[in-house]
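Residue-level listing of the chains:
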Number of protein chains: 2
Amino acid sequence: MSIRLLRSSSHHQCYRPRYQAFSTTTRWRWHTSELDGEKMKSLKVHRDRLMKDIHHTAQWGTGERWGKASAETGMSRLALSDADKSARDWFVKTTEELGCKTTVDAMGNIFAVRPGQKDGPPIYAGSHLDTQPTGGRYDGVLGVTAAIEMLRVLNDNWVETEYPVGVVNWTNEEGARFPISMVSSGVWSGSIPLDHAHNLKEVGSGTATMKSELERIGYLGSTPASHEAIPMAAHFELHIEQGPILESERHKIGIVQGVQAYRWFTIHVKGQDCHTGTTPFNVRSDALLTAAKMILQSHRAATKHGALASTGILTLKPGSTNTVPGDVKFSLDIRAAADKTLDALEQDLRDDFALIASASDVAGLNTHGTPGLPCTVSWSTDSISSATTFHSDCISCVEAAAKVIFGDETEKLTKTMTSGAGHDSVYTSKVCPTSMIFVPSKGGVSHNPREFTSEEDCTLGAQVLVGSVVECDRRRVRG
Amino acid sequence: MSIRLLRSSSHHQCYRPRYQAFSTTTRWRWHTSELDGEKMKSLKVHRDRLMKDIHHTAQWGTGERWGKASAETGMSRLALSDADKSARDWFVKTTEELGCKTTVDAMGNIFAVRPGQKDGPPIYAGSHLDTQPTGGRYDGVLGVTAAIEMLRVLNDNWVETEYPVGVVNWTNEEGARFPISMVSSGVWSGSIPLDHAHNLKEVGSGTATMKSELERIGYLGSTPASHEAIPMAAHFELHIEQGPILESERHKIGIVQGVQAYRWFTIHVKGQDCHTGTTPFNVRSDALLTAAKMILQSHRAATKHGALASTGILTLKPGSTNTVPGDVKFSLDIRAAADKTLDALEQDLRDDFALIASASDVAGLNTHGTPGLPCTVSWSTDSISSATTFHSDCISCVEAAAKVIFGDETEKLTKTMTSGAGHDSVYTSKVCPTSMIFVPSKGGVSHNPREFTSEEDCTLGAQVLVGSVVECDRRRVRG
Ligand SMILES: [Zn+2]
Ligand SMILES: [Zn+2]
């Protein structure tokens, strides 16, 4: 495909960057259908501009300091907090200044759309601006800021896309404040009922709901949170890997094929409170000792199935040094690449936990201990995400974009992989072609203030994102 | 010893119950030195009066309902709360109406003294009015209300003791709100510095200290909290067993010889937060999985030593379903009848926990699991209580009192035992002759709303308490 300079005519409804002065009647413009490999290469992400956005937005919800440099703090920007509102306001202002029209839906998802040559559902890039309570600067933020950088690169290069392109910020991706992750892309995709999401209570002792907080910060939009009201032609998400694989294998870009399945449960163990000094082991129903055995057993069973099992929350009652707890609740997060692996692991754990609660032995857990009285155990399901397979067309666009950058080194510097974490792309993938791009996480660390991705890798990731969206747009007219 | 009726003379400084009208110049009165077994038997505890006090005071800090009857709720009267203030106000008013002079010390301990024939340090009966957050109606309360019933029984029977007798209410025995148990008898006995106790912060997120709360509720007394300022000739404490032994062996009264040693620690495990979905087991430093192994191992090691180990508090950070916790703190409470047993258990656990933290195997805990990265573990000591041996003179008074009630059945209905729980008597025992009386706890349940001791057993316990104090007073003049 050849490159042509197009002369714009004033009657043509076109995109005009607000910050650049240009003739009102004529200007040069590229159409994406006319970009070849060489011209694609010239659509350069500006590293400093991207990094500035990442660190500038970190002023809202700055977290724990871990080093002396100004950027060496983590993030604590819980969804729909005051800090999140500030980051959202910045997002709206910035994308509008770059020529976008923004829409807020009933879940507070923000969609910023840059017009194209023709009308039609936009291709979106984006991620989330909320963070874990002790999170880092890159999770989610990189995907949003890189998408905004994409707008700047298109403007810089006077590119008019064939169809609109957009930037999306999804609400409460982390599930850290309101305990369903990716809940708002979930509603948008039709997978989670709006009322259920609106009524989610914040974790901890507070009484706020998602709806009350959306109202409070002014982000309860009037547009339905629905892929029918706000359609997407495709969804691309750049994200840090949050794991150690790319770094340890010296790859630069992960070309993500899908997302592993996961299931979240709350396990409730009920025993009997008793005094720690006066109650012999043989007459105790110790809910915490029982939970400790279950947590250890979940690790063992996951090992056996080549899966993962983790407990991130544990609460107990009554909570006094000299009272054996009669009531323990803990979260159980199990993950595997295939749904059937997870089926088998879950069944094993349901059997094992029932035995452990009944004070029976499982795999030597009771060896050297004193047999006690039974507890009861119950499971409640908080979240289920089946294994996700991304769309081959989108994956192909990412491959093409990587090839433009890496050339002959593409195979060496990229890796085909499965995402360990859930992302909003899991839900978008249910209703539109989707894929993801990963960049290395230093030490595999994420959900931690020390989460780090080098400037080079952030920039490479953003470059692949821009290339992927442009490639996808080109293919819409090439057929 | 014969029984004599004494005619009181008006010049003699004597005790006058306020609620009974009597001649201002003469009245009949018993001196305790003149009471023999038959007369001792007539010093009758009134069951209904005692039970009324127990249930009446339960209006302040009423806890969880577990049954339909009016008394079928637990207690939640944390030390120095508004509810505790109300119970204290009742204590002061009631004992003063019964003719006592009350003194409040700098720890809020309340001493109510009924004058005797001669001056001198009083013999005290008492316990504590604070409860666990989800406690019952008898722990502590029985000992205080039975001591008040003792005042009534002495008044009813016109008994003037040789020396003063008193009733004591100790502050924050439970250690549930301010995290050192028996802290105020500890200060009184010279074992805990006043400043340290005053500066104790309440458990949880509040900022109150013991001193600020003593001031707030008006119980920061001006008398030093010291056994020198407020001496005791002896200390008797009636208490529920809080364990299953008396009930299961069908004894009515436990004649307590001492208290088992215990040590409280906070164990701090530090690992590394990481994402639950993206971090393979082999690169995790999972602080909660490590803590779970430690809790299980503490149970095993205590079993080996014939001791006890319990965890009643566990907190973790950051606390999100999809983040492996990098920081866990848990309480460890270990107990044994002998100090040297506890030395050995503590040493084993220090060795075991260091190995577990280093990701090494201890007794098969790592079998079937995936080896991970190390965590660190540190111990801080919150409380140490050596094994306590009660005073043989006091124990002998309890035996004598039980004999008056049970006669030939004494051996069958009483049991020589060691207390599993700490009590204020541990500290009083360091500076004055002390012993305790136990009554059965239904099902061994304590520190729970369903804590229960029958009216018959409460009454028997109070009867033994009255007999023990009177016997002790008699022996002070018999030599
Ligand atoms: Zn994310
Ligand atoms: Zn007690």
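As annotated in an unreviewed UniProt entry, chain A carries the name Zn-dependent exopeptidase and comes from Patellaria atrata CBS 101060.

Of regular secondary structure, chain A possesses 14 helices and 21 strands. Its C-alpha radius of gyration of 25 Å places chain A within 12% of the 23 Å reference for a compact globule of 479 residues. Along the first, second and third principal axes, the C-alpha atoms of chain A reach 90 × 50 × 45 Å. A burial count over chain A gives 60% of its 479 residues as buried. In chain A, 77% of the contacts between residues at least 6 apart in sequence involve partners at least 24 apart. Surface accessibility of chain A: about 17,200 Å² in total, with carbon and sulfur atoms responsible for 50%. When the 50 basic and 55 acidic side-chain charges of chain A are each reduced to a single mean position, those positions are 4 Å apart.

Moving on, we come to the pairing of strand β21 (residues 434-439) of chain B. Successive side chains on a regular strand alternate, one facing one side of the sheet and the next facing the other. Residue and element names in this part refer to chain B. Where burial is concerned, most of β21 is hidden: six out of the six residues are buried. Across six bridges, the pairing between strand β10 (residues 234-240) and β21 is parallel. In the strand pairing of β21, Leu 238 is matched with Ile 437.

To continue, consider the UniProt feature "domain: Peptidase M20 dimerisation" (unreviewed entry) in chain A. Under the present numbering, the feature "domain: Peptidase M20 dimerisation" (unreviewed entry) in UniProt falls on residues 263-353 of chain A. As annotated, residues 263-353 of chain A comprises 37% helix and 32% strand, and the C-alpha atoms at either end are separated by 16 Å.

For the rest of this paragraph, the subject is the packing of helix α3 (residues 82-97) of chain A against helix α4 (residues 141-156) of chain A. Residue and element names in this part refer to chain A. Between α3 and α4, whose axes approach to 10 Å, the crossing angle comes to 15°. The angle between the axes of α3 and α4 places the two elements in the roughly parallel class. Read as a crossing pair, α3 and α4 show a hand that is left-handed. Along its contact with α3, which presents Trp 90, Phe 91, Thr 94 and Thr 95, the element α4 presents Val 144, Thr 145, Ile 148, Leu 151 and Arg 152.

Quick look at the environment of Ile 230 of chain B now. Residue and element names in this part refer to chain B. For Ile 230, the location among the structural elements is in the loop between α7 (210-217) and β10. Ile 230 gets classed as buried once you look at its relative accessible area, which sits at 7%. In this structure the C-alpha to C-alpha distance between Ile 230 and Ser 441, which are 211 residues apart in sequence, comes to 32 Å. Setting aside its immediate chain neighbours within four residues, Ile 230 contacts Thr 103, Asp 105, Phe 111, Tyr 124, Trp 188, Thr 223 and Pro 224.

We now examine the coordination of the zinc ion (ligand 1). Residues and elements named next belong to chain A. Within the protein, the zinc ion (ligand 1) binds to His 128 (NE2), Asp 139 (OD) and His 239 (NE2); these donor distances fall in the range 2.0 to 2.1 Å. All donor residues of the zinc ion (ligand 1) come from one chain, and their arrangement in sequence is H-x10-D-x99-H. Of the two residues, Asp 139 sits in the loop between β7 (123-128) and α4 while His 239 sits in strand β10 (residues 234-240), which places them 100 residues apart along the sequence. Relative accessible area serves as the criterion here: at 4%, Asp 139 is assigned to the buried category.

With that out of the way, let us pick up the relation of the copies chain B and chain A. Once chain B has been moved 0.0 Å along the axis and rotated by 180°, it coincides with chain A to within an RMSD of 0.1 Å. What we have between these two chains is a two-fold relation. Proximity to the rotation axis, assessed at the C-alpha, singles out Ala 292 of chain B in chain B; its C-alpha lies 2.2 Å from the axis. Interface overlap between copies: 100% of the residues of chain B at the interface are likewise at the interface in chain A, consistent with a symmetric, same-surface contact.

The next subject is the interface of chain B and chain A. Of the residues lining the interface, 66 residues belong to chain B; the matching set on chain A comes to 66 residues. Approximately 5,500 Å² of surface area, both sides summed, lies buried where chain B meets chain A, with 60% of it carried by carbon and sulfur atoms. Scanning the region where chain B abuts chain A turns up zero salt bridges. In this assembly, chain B and chain A are joined by 32 residue pairs in polar contact (both at pLDDT 80 or more).

Our focus in this paragraph is the pattern of salt bridges. If the charged atoms of two oppositely charged side chains come close together, the side chains can form a pair. Counted by the stated rule, this structure contains 47 salt bridges over all chains. Arg 474 of chain A is paired through a salt bridge with Glu 471 of chain A; the nearest N and O atoms lie 3.2 Å apart. Remark: Glu 471 of chain A and Arg 474 of chain A occur in helix α14 (residues 455-478); sequence separation between them is three residues, near one turn of the helix. Glu 471 of chain A gets classed as buried once you look at its relative accessible area, which sits at 8%. Taking the shortest distance from any N to any O, the salt bridge between Glu 455 of chain B and Arg 47 of chain B comes out at 3.6 Å. Residue Glu 455 of chain B is found in helix α14 (residues 455-478), and its partner Arg 47 of chain B is found in helix α2 (residues 47-57); the two are separated by 408 residues along the sequence. The class of Glu 455 of chain B is partly exposed, set by a relative accessible area of 34%. Assessed through its relative accessible area of 40%, Arg 47 of chain B is described here as partly exposed.

How each quantity is defined
Counting restarts for each chain: residues are numbered from 1 in the order of the written sequence. Lettering of chains starts at A and numbering of ligands starts at 1, both following the order in which they are written. The predicted origin of the model limits local features to residues at a pLDDT of at least 70 and limits the giving and counting of side-chain atom pairs to 80 or more, whereas totals for whole chains, interfaces and linings rest on all residues. As a convention, hydrogens and water are excluded, and side-chain values are obtained from all of the structure's heavy atoms. By definition, any uninterrupted DSSP run of H or I lasting at least four residues is a helix, any uninterrupted run of E lasting at least two residues is a strand, and each is numbered from the N terminus. Restricting the calculation to C-alpha atoms gives the radius of gyration, and the globule rule supplies 2.2 Å times the number of residues raised to the power 0.38. Under the scheme applied here, a residue whose accessible area is under 20% of the maximum for its type counts as buried, over 50% as exposed, and between as partly exposed, the area being computed with a 1.4 Å probe on protein chains only. The contact rule is simple, with two residues in contact once any of their heavy atoms fall within 4.5 Å. The Shrake-Rupley method, run with a 1.4 Å probe, gives the accessible areas here. Residue values count only the displayed protein chains as cover. All tallies of charge rest on Lys and Arg as positive and Asp and Glu as negative; His and the ends of each chain are not included. By convention, charge coordinates are those of NZ in Lys, CZ in Arg, CG in Asp, or CD in Glu. For two strands to count as paired, DSSP must find a minimum of two bridges between them. UniProt positions are given in the numbering used here, feature names are shortened, and annotations may be inferred rather than shown by experiment. A fitted line through C-alpha atoms serves as each axis, taken over the contacting stretch for helices, and the angle formed by two N-to-C directions is quoted from 0 to 180°. We call two directions roughly parallel when the angle between them is under 35 degrees, roughly antiparallel when it is over 145, roughly perpendicular when it lies between 65 and 115, and oblique otherwise. Handedness of each helix crossing follows the sense of rotation of the near helix against the far helix: counterclockwise by less than a right angle gives left-handed, clockwise gives right-handed. Metal donors: N, O and S atoms at distances within 2.8 Å, or within 3.2 Å for Na, K and Ca, with water omitted from the atom set so that some sites may seem incomplete. Superposition of the copies used a least-squares fit over C-alpha atoms from residues whose pLDDT is at least 70 in both. As used here, buried area is the combined drop in accessible area, with a 1.4 Å probe, of two parts when they are placed together. In what follows, salt bridge is the name for a side-chain nitrogen of Lys or Arg lying within 4 Å of a carboxyl oxygen of Asp or Glu. Here a polar contact is recorded for every N or O atom pair within 3.5 Å, except that within protein the pair must consist of a potential hydrogen donor and a potential acceptor, and residues adjacent in sequence are included only if both atoms are side-chain atoms.

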